[in-house]
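Each chain, letter by letter, is given below.
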Amino acid sequence: MYHLRLKGDHYEMGVKRGRILKNAKLYFPLLLDDFQLEHGKQSEKILRKFFPEVCGEIRGVSDTIGADYLQFASWMLCMGCCMYNLENNFPVEIRGCTAFAYSQNDKIIYGRNNDLPTFLREGCKSEIYAPKNGNRFQITTSSFINGEEGLNEHGLAVAMTFVMTDLKKIQAGFNSCFIVRYLLEKADDTKQAVSLLMDLPVASNCNILLADKKGNMVVVECTPTLKRIREAENFENGSIVCTVNSFTSDEMRTYDDANGNDYNSHKRYKVVIDSFTSGQIRDDYIETTRRLLKGDYGFMCQYDNEPDFETVWSSIFDLESLAIWRAEGDPRKKKFISDNRLRDIKQRMLKKQEQLIK
């Protein structure tokens, strides 16, 4: 997994990334058909309206590597939206993923398994952003610029999970990974993130998990035409919210087009919820969360019978302290290593503020 730090002006951050990509001689499969190009073109207009800064970052990359900006932006906006359900598409996209957040005895913990085709594992990244006029945040991604999950300096965690969408239902708008990036950079807490999300045009089905350090947690189940807020469930001494690759509320299930082809989504959801309601998650929060993610309490990452598919990383966030632990690979085989970059940045910022006051 690559670890990158980016700060300052968005265009210049894009230029820095573009230089890294160019030096590594990386090329991108910008093989989009007419449908994807049109979707990307219309979605870029929406992205530019709500989040013009990130369009500047994309342009910084495309200018540096010599790619057409609109085609490059279109490719990024098709990810997880309409690059999995067209015949002969490359690359073929399939996604699993389980994300949850819980509050127990004044601890607010987030956990995730990110499940993807194995060829994406080596290109995954954990990046620290300090953008001009935006929140500082850590984002974990199998792509770049956008991402699957993250934590910002205010203790807000944002995560997406993919839900299958029929091609005819897709509309121009933000894909789920750009939603994650937008909310990390713009929102301070769950309430503000929900408000911002409700105003966003969404391209395809997805779940967006939001949790802040005060213990406010929801999942917003999104379609191109409807959004529904799913509240956390209570258990003894706490509450839990979980999202997988399906809509779990009765009202939204009819919008899910996976037809059960979702990598045991319901089984993973049940394992997470049952682990809390049965009292298996105890005082050693990081250790028991790690055990949950590695499958000690039931099916979570045991994709041994799935060819070319696995958990490519697992994450644990402590939302109050901004401490992060990550297993870069299958959590049954890889250790969870601490990542204190975001916490260190926040502590340095607080020290500077204290010195200015003195």
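Values in this document were obtained by computation on a predicted structure and should not be read as measured data. (Residues numbered from 1 in each chain as written. Predicted model: local features only at pLDDT ≥ 70, side-chain atom pairs only at ≥ 80, totals over all residues. Heavy atoms only, no water.)

K.L.:
How should the layout of surface pockets be read in this particular structure?
P.N.:
To locate leftover empty space, one rolls a probe as large as a water molecule over the atoms. The computed volume of the second largest pocket comes to approximately 340 Å³. Lining the second largest pocket we find 13 residues, and of these K7, A130, R136, I345 and R348 sit closest to its centre. Secondary structure elements with two or more residues in the lining of the second largest pocket: β1 (2–8), α1 (10–23), β4 (125–131) and α9 (341–357). Broken down by element, the lining of the second largest pocket gets its largest block of residues, four residues, from α9. Of the residues that constitute the lining of the second largest pocket, the class distribution is six nonpolar, no polar and seven charged. (1 Å grid on protein atoms, 1.4 Å probe; cavity = no way out; pocket = protein on both sides within 12 Å on 5 of 7 lines; lining within 4 Å. Points joined across faces, edges and corners; volume = space filled by probe spheres on them. Helix = DSSP H or I, 4+ residues; strand = E, 2+ residues; numbered from the N terminus. Nonpolar A, V, L, I, M, F, W, Y, C, P; charged D, E, K, R; others polar.)

K.L.:
Can you walk me through the pattern of salt bridges in this structure?
P.N.:
Oppositely charged side chains may form a pair once their charged atoms are brought near each other. Scanning the entire structure with this criterion turns up 22 salt bridges. Across the pair D318 and K107 runs a salt bridge whose closest N-O atoms are separated by 2.9 Å. With D318 in strand β13 (residues 309–318) and K107 in strand β3 (residues 107–117), this pair connects stretches of sequence that are 211 residues apart. Under the relative-accessibility criterion, D318 is labelled buried at 6%. Of the charged contacts in the structure, one is a salt bridge between R332 and D330, with a shortest N-O distance of 2.8 Å. Take R332: its relative accessible area is 30%, and that puts it in the partly exposed class. A residue is classified by how much of its surface remains accessible, and D330, at 7% relative accessible area, is buried. The structure contains a network of salt bridges with shared partners spanning R326, E328, D339 and R341. (Salt bridge = Lys/Arg side-chain N within 4 Å of Asp/Glu carboxyl O. Buried < 20%, exposed > 50% of the residue type's maximum accessible area, 1.4 Å probe, protein only.)

K.L.:
Please explain the sheet that holds β13 as it appears in this structure.
P.N.:
Whenever strands of a sheet pair, they do so through backbone hydrogen bonds, lying parallel or antiparallel. Read from one edge to the other, the open sheet built from seven strands follows the order β11-β12-β2-β3-β13-β14-β15, with strand pairing classed as antiparallel. Bordering the open sheet on either side are β11 (233–235) and β15 (337–339), each of which pairs with just one other strand. Going from strand to strand, the sheet's axes swing by 20 degrees on average, the running direction of each strand aside. Packing of helix α8 (residues 285–293) onto the sheet brings it into contact with β2 (98–104), β3, β13 and β14 (323–327), and relative to β3 it is tilted by some 25 degrees. (Pairing = 2+ DSSP bridges. Axes fitted to C-alpha atoms, helices over the stretch in contact; angles between N-to-C directions. Contact = heavy atoms within 4.5 Å.)

The quantities given are spatial measurements derived from coordinates; they are silent on function.
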